[in-house]
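Observations on the three-dimensional arrangement
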Amino acid sequence: MAKKLLLIDGNSVAFRAFFALHNQLERFTNADGLHTNAIYGFNTMLDRMIKAVEPTDMLVAFDAGKTTFRTKMFDDYKGGRAKTPGEFSEQMPYIKKLLDAYGIQHYELKDYEADDIIGTLAGQADAAGYTTTVVTGDRDLTQLTTDQTTVAVTVKGVTEVERYTPEHVQEKLGLTPTQIIDMKGLTGDTSDNYPGVTKVGEKTAIKLLKAYGSIEGVYENVDGMKKSKMKEHLIEDHDLATRAKVLATIKRDAPLTVGLADLNYSGPDVDQLTDFYTEMGFQSFLKKLHVATDEPAKPIDYTVLTRDNLTQLDQFKDGKQLDFYLEMPTPNYHTSAFAGFAIGADGQWFISRDVELLLAENVQALLSSQTVKKDVFDMKRTMVGLNRLGIKLGAVDFDLLLVSYLLDTNDNSNDLGSLAEQHDYTELQSDETVYGKGVKRAIPDDDQVFFSHLAHKLAAIAALKPKLLKELTENEMAGLYDDIEKPMATVLAQMEMAGVSVDSGTLKAMGSQFKERLSEIEQTIYQEAGEEFNINSPKQLGHILFEEMKLPVIKKTKTGYSTAVDVLEKLAPQAPIVANILQYRQISKINSTYVEGLLEAIHSSDQKVHTRYLQTLTQTGRLSSVDPNLQNIPVRLEEGRKIRQAFVPSHAGWQIFSSDYSQIELRVLAHITGDHNLQQAFKDGEDIHAATAMRIFNLPSAADVTPNIRRQAKAVNFGIVYGISDYGLSQNIGITRKQAKSFIDAYFREYPGVKTYMENIVKTAREQGYVETIAHRRRYLPDIKAKGFNQRSFAERTAMNTPIQGSAADIIKIAMIKMQDRLKAEGLKATMLLQVHDELIFEAPKEEIPVLEKLVPSVMDSAVKLDVPLKVESHFGDTWYDAK
DNA sequence: GATGTCACG
DNA sequence: ACGTACGTGACATCC
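Everything quoted here is computed from the prediction, not taken from an experiment.

What about the overall build of chain A?
Counting secondary structure elements, chain A contains 35 helices and 25 strands. Each of the three principal axes of chain A carries a C-alpha extent, and together these read 95 × 75 × 55 Å. Sorting the 884 residues of chain A into buried and exposed places 53% on the buried side. Approximately 41,000 Å² of chain A is accessible, and the part contributed by carbon and sulfur atoms is 50%.

Some remarks on the side chain of histidine 334
Looking at the secondary structure, you find histidine 334 in the loop between strand S10 (321–327) and strand S11 (340–345). Separated by 3.1 Å, the side chain of histidine 334 and the backbone oxygen of threonine 611 make a polar contact. If sequence neighbours within four positions are ignored, histidine 334 has contacts with Val384, Arg388, Glu496, Met497, His603, His610, Thr611 and Arg612.

Side note on the pairing of strand S1 (residues 4–9)
For S1, the buried fraction is high: 5 of the 6 residues fall into the buried class. Where S1 and strand S2 (residues 57–62) come together, 5 bridges link them in parallel fashion. Within S2, the residue paired with leucine 6 across the bridge is methionine 58.

Observations concerning the sheet that holds strand S23 (residues 831–835)
Taken in spatial order, the 4 strands line up as S23-S24-S20-S25 in an open sheet, and their pairing is antiparallel. Each edge of the open sheet is held by one strand with a lone partner, namely S23 and strand S25 (871–877). Taking each pair of neighbouring strands and ignoring which way they run, the sheet shows an average axis angle of 25 degrees. Pairing analysis gives 7 bridges linking strand S20 (residues 654–662) to strand S24 (residues 839–845), with the strands arranged antiparallel. When the sheet's bridge partners are listed, isoleucine 656 is paired in S24 with glutamate 843. Contacting S20, S23 and S24, helix H34 (residues 789–825) crosses the sheet at an angle of about 165 degrees to S23.

Some remarks on the protein's contact with DNA strand B
Lining the immediate environment of DNA strand B, one finds 22 residues, of which Thr563, Arg585, Lys589, Val635 and Asp838 sit closest. In the interface set of DNA strand B, defined as its atoms within 4 Å of the protein, sugar plus phosphate atoms amount to 76%. The separation between a phosphate oxygen of DNA strand B and a polar main-chain atom of valine 565 is 2.9 Å. Between DNA strand B and asparagine 632, the relevant distance is 3.0 Å, taken from a base nitrogen to a side-chain nitrogen or oxygen of the residue. In terms of residue count, the dominant contributor to the surface near DNA strand B is helix H25 (residues 576–601) (3 residues). Taken together, the residues of the surface near DNA strand B break down into 8 nonpolar, 8 polar and 6 charged.

Here we look at the environment of histidine 168
Positionally, histidine 168 belongs in helix H7 (residues 166–173). For histidine 168, a relative accessible area of 18% puts it in the buried group. For the pair formed by histidine 168 and arginine 822, sequence separation is 654 residues and the distance between their alpha carbons is 61 Å. When neighbours within four sequence positions are excluded, histidine 168 is seen to be in contact with Glu162 and Arg163.

Considering the packing of helix H32 (residues 737–750) against helix H33 (residues 752–768)
Close contact between H32 and H33 brings their axes to 4 Å; oriented N to C, the two are set at 105 degrees. When the axis of H32 is compared with that of H33, the two are roughly perpendicular. Each of Tyr747, Phe748, Arg749 and Glu750 in H32 lies in contact with H33, whose residues at this interface are Pro752, Val754, Lys755 and Met758. Residues belonging to the contact of H32 with H33 are distributed by class as follows: 5 nonpolar, no polar and 3 charged.

Thoughts on the protein's contact with DNA strand C
What surrounds DNA strand C is a group of 37 residues, the closest being Asn534, Ser537, Ser624, Gly719 and Phe794. What you see for DNA strand C is that sugar and phosphate hold 58% of its atoms within 4 Å of the protein. In the model, a phosphate oxygen of DNA strand C is placed 2.5 Å from a nitrogen or oxygen of the serine 537 side chain. Breaking the surface near DNA strand C down by element, the ones donating at least two residues are helix H23 (538–548), H25, strand S18 (624–626), helix H30 (707–722), helix H31 (726–733) and H34. In terms of residue count, the dominant contributor to the surface near DNA strand C is H34 (7 residues). The class makeup of the residues in the surface near DNA strand C is 10 nonpolar, 20 polar and 7 charged.

Considerations on helix H6 (residues 114–127)
Under the 1.5 Å per step criterion, the end-to-end length of H6 is 20 Å for 14 residues, consistent within 8% with the ideal 20 Å. Burial analysis of H6 places 11 of its 14 residues in the buried class, which makes it a mostly covered element. Residues of H6 that are buried: Ala114, Asp115, Asp116, Ile117, Ile118, Gly119, Thr120, Leu121, Ala122, Ala125 and Asp126. Among the residues trailing H6, glycine 129 stands out with phi positive, at a value near 80 degrees.

A short note on the pattern of salt bridges
Under the criterion given, the structure shown has 40 salt bridges. Aspartate 182 is paired through a salt bridge with lysine 245; the nearest N and O atoms lie 2.7 Å apart. Taken together, the positions of aspartate 182 in helix H8 (residues 179–187) and lysine 245 in helix H12 (residues 238–248) put the pair 63 residues apart, joining distant regions of the chain. The same class applies to aspartate 182 as to lysine 245, namely buried. Linking arginine 777 and aspartate 810 is a salt bridge whose minimum nitrogen-to-oxygen distance equals 3.0 Å. In this pair, arginine 777 sits in the loop between strand S21 (770–772) and strand S22 (778–780) while aspartate 810 sits in helix H34, placing the two residues 33 residues apart along the sequence. Both residues of the pair, arginine 777 and aspartate 810, count as buried. A single salt-bridge network, built from bridges that share partners, covers Glu485, Arg777, Asp810 and Lys813.

A closer look at the environment of alanine 564
Inspection of the secondary structure assignment puts alanine 564 in the loop between H23 and helix H24 (565–571). Classification of alanine 564 as partly exposed rests on a relative accessible area of 32%. Along the chain, alanine 564 and proline 538 lie 26 residues apart, while their C-alpha atoms are 8.8 Å from each other.

Things to note about the UniProt feature "domain: 3'-5' exonuclease" (unreviewed entry) in chain A
In the numbering adopted here, UniProt assigns the feature "domain: 3'-5' exonuclease" (unreviewed entry) to residues 301–473. Each end of residues 301–473 is marked by a C-alpha atom, and these two atoms are 32 Å apart; helix forms 38% of the span and strand 16%.

As for the sheet that holds strand S13 (residues 373–376)
Read across the sheet, 6 strands follow the order S9-S12-S11-S10-S13-S14 without closing on themselves; strand pairing throughout is mixed. With partners counted over all chains shown, the strands left at the sheet margins are strand S9 (303–304) and strand S14 (396–399), one partner each. The strands touched by helix H15 (residues 361–368) within the sheet are S10, S11 and S13, with S13 carrying the most contacts at an inclination of about 85 degrees. The strands touched by helix H20 (residues 447–474) within the sheet are S9, S10, S11, strand S12 (348–352), S13 and S14, with S10 carrying the most contacts at an inclination of about 135 degrees.

Quick notes on the packing of aromatic side chains
Counted by the stated rule, this structure contains 17 aromatic pairs. Look at phenylalanine 15 and phenylalanine 88: their rings are 4.9 Å apart centre to centre, the planes differ by 85 degrees, and that puts the pair in the edge-to-face class. Here the residue phenylalanine 15 occupies a position in helix H1 (residues 10–20), and phenylalanine 88 occupies one in helix H4 (residues 86–89), the gap between them amounting to 73 residues. You can call phenylalanine 15 partly exposed: its relative accessible area is 35%. The interplanar angle of 35 degrees and the centroid separation of 6.4 Å between the aromatic rings of phenylalanine 324 and phenylalanine 341 together place this pair among those described as tilted. With phenylalanine 324 in strand S10 and phenylalanine 341 in strand S11, the pair connects residues that are 17 residues apart, well separated along the chain. Phenylalanine 341 shares its class with phenylalanine 324; the two are buried. One aromatic cluster is present, formed by Tyr302, Tyr435, Phe450 and Phe451 through successive ring pairs. Lysine 96 extends its terminal NZ or CZ atom over the ring of phenylalanine 62, reaching a point 4.7 Å from the ring centre. Taking the ring centre of tyrosine 333 as reference, the NZ or CZ of arginine 612 above it sits at 5.8 Å.

What counts and how
- Residues numbered from 1 in each chain as written.
- Chains lettered and ligands numbered in written order.
- Predicted model: local features only at pLDDT ≥ 70, side-chain atom pairs only at ≥ 80, totals over all residues.
- Heavy atoms only, no water.
- Helix = DSSP H or I, 4+ residues; strand = E, 2+ residues; numbered from the N terminus.
- Buried < 20%, exposed > 50% of the residue type's maximum accessible area, 1.4 Å probe, protein only.
- Areas by Shrake-Rupley, 256 points an atom, 1.4 Å probe, with all protein chains shown as cover.
- Polar contact = N/O pair within 3.5 Å; in protein donor to acceptor, adjacent residues only side chain to side chain.
- Contact = heavy atoms within 4.5 Å.
- Pairing = 2+ DSSP bridges.
- Axes fitted to C-alpha atoms, helices over the stretch in contact; angles between N-to-C directions.
- Near = heavy atom within 4 Å.
- Nonpolar A, V, L, I, M, F, W, Y, C, P; charged D, E, K, R; others polar.
- Parallel < 35°, antiparallel > 145°, perpendicular 65-115°, else oblique.
- Expected span 1.5 Å × (residues − 1).
- Salt bridge = Lys/Arg side-chain N within 4 Å of Asp/Glu carboxyl O.
- UniProt positions renumbered as here; feature names shortened; annotations may be inferred.
- Phe/Tyr/Trp six-rings, centres within 6.5 Å; stacked < 30°, edge-to-face > 60°.
- Lys NZ or Arg CZ within 6 Å of the ring centre and 35° of its normal.

Below, the structure is given as structure tokens:
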């Protein structure tokens, strides 16, 4: 196995940890009065790094004492430093004790600093082909960076690190890692108290090194430099620079008495660590430790169900409730195999791997019964799964997944075990623990292991039901659950099962056209660039555009030059290659995601795609769609829109019918803010963007609203919904920040109710910790009180946006439930297929189209009663493309 | 697995 | 001065 070495600069990280938690110094003491903040912080860092690196070998290096070869060389090395606080020193022995419990080597060497130990080992590790990570709080160690050695420097506290690779050093400083030593030589180091060349700081040093490569190079050329103060200083301080370089150079050949062979890391000694945490009073680590150490599952009673004992289930016939769980090993329940099931109540659990047993008459009767209530985890998944076996699931009472999502959208997991644990039910292991993860994930062969896991799942559902339903009622969300989300799950299951027919012939034809065009554009681009490269690689593309072709850099990303559309659009006039790249990107996106991706998703059995709507994912209450995502099929640009021609009705003589809410979010805004002017505009049926334009730009008549002015007003309207900032608006429509600010001020002046609402909703969020939608859907916003401006601002914008986006989601969900009822009640063949946030898409026999044209809008616009009217527009045609 | 990019509302 | 629009998912690249 590949060796991965983690080297930690003990003193430096401990010191960082001490100061990161310095303001909490008095909170962090154990029963004996020992300060523990540095130990705690060190442990946190250790856990994170071990998790991130997954090292096979580890060592923590410490400084040995006051004197080192550096102080021998220069008395005042690290002189003038403030005395180490006693509260810090007292913790050092315990950090070493912590390391012992972790089974991690630690080492110090007389006359050498921790850096030198690390430098030496990292060098040996590179030579031996290890991958090495160095953790330190000291930027100087970045000189150790190589292709195999990454240096992670702590920033802000100890848990966040900046990773230096040779590329990152190059990008940040424009230097190679070894040139960092020369830089330190030129600049000196005030914290280590040694001077370099007078008046030479980082900037000057980098410039010199870029020109001459090294300190030696600088001095070889110093005579030829033109006369300047800098030249004088360089000559005058030559000795200082030479000495500083030696001081800054980390030893790669310290006489260590440990070697790579001694560093094997195989995990902590849990007993020893438990004792240590107990001594330190680290409750949270104690808890984590015992969660992390896969405790064996608690024994649980269950009965293996067979053909011979099926009648035992008849005891539940007259029962009021029954727990049921159907295990499918992969996420996509439209295609997953069946691994088994569990059924029962009140601690009587019946388990089997054989889902055929569910087809037995008495079992089917229980599942489809309208009087025997079922408690499950993920009813939609269960319904679709059972449907594949030809079984209906009737009368679901409690869906643990759905309820726990509603209670807190933040901690939603799709794993029953993790979810149960979040609600303090710890007897159920996670699927990852029992089944494994990644390629190793598999249903256990061992019946005992698998069956007890399934039995535990039922036990968890049963145990959590009363508690969670009580919380739901306390939070006024019982109605949301009973009247919206639960029926919604059934409707969604039906839509998913129905699926949408996709004409693969159309897609394939489009695909070959796209491929042809792509290779043409590709050749043009290569010619314009003068070389071949991977256009899909932002890294290579950035190199070509900004280094080879020297185009101006407009925006940078974390890792390099940004090549996003807005950047490329600005560059397009300067070089023809840019327009071609944009074209290439557009087509390649359409082809890979929507032609090839969609073709992959077509079920060969019925030539349809069956998406899965994720009902318990978004923070606002919207749905999301995966596998394939049918909520982002292109529409804005004609090129992509053509993809919709491949979405066709599943029967001859049928058509696609679509209805969408017009401006639903702005209508919701008008409703919940109660703003008179905004409400009036909708009541009068005005063009809302034009109306806003007239108001904020103070235009006398509708004739004065030019398309451009309307576009700007539209952006302001959107901005308001998103929780506006002047900067955001200015970026969006390309105006100055000041102009944007004046637009916003004007908006709030004209719509004062909106202003009051925005102020109040943020205040409410701060006071109660959450915001809610018209259907009482909650979103908790813990960051609303965050110290960081950025975090807090984000939470504030979210507080403004969520009630709007979320209420719109509530409305269309209600409409969908009513719609499905009406289709059935009216005896229509029309089928609801898709939901795209504010629109519903159906397929129907041509004859039913006139019916739908009346029925769908009337159901949608009467779904809820708002203070403003809801408006719905409809379209239809032979394909989704034509329903426009 | 993270990152950048781009498709949608 | 902070550094930004809200909510999603899929793909390709590169480590």
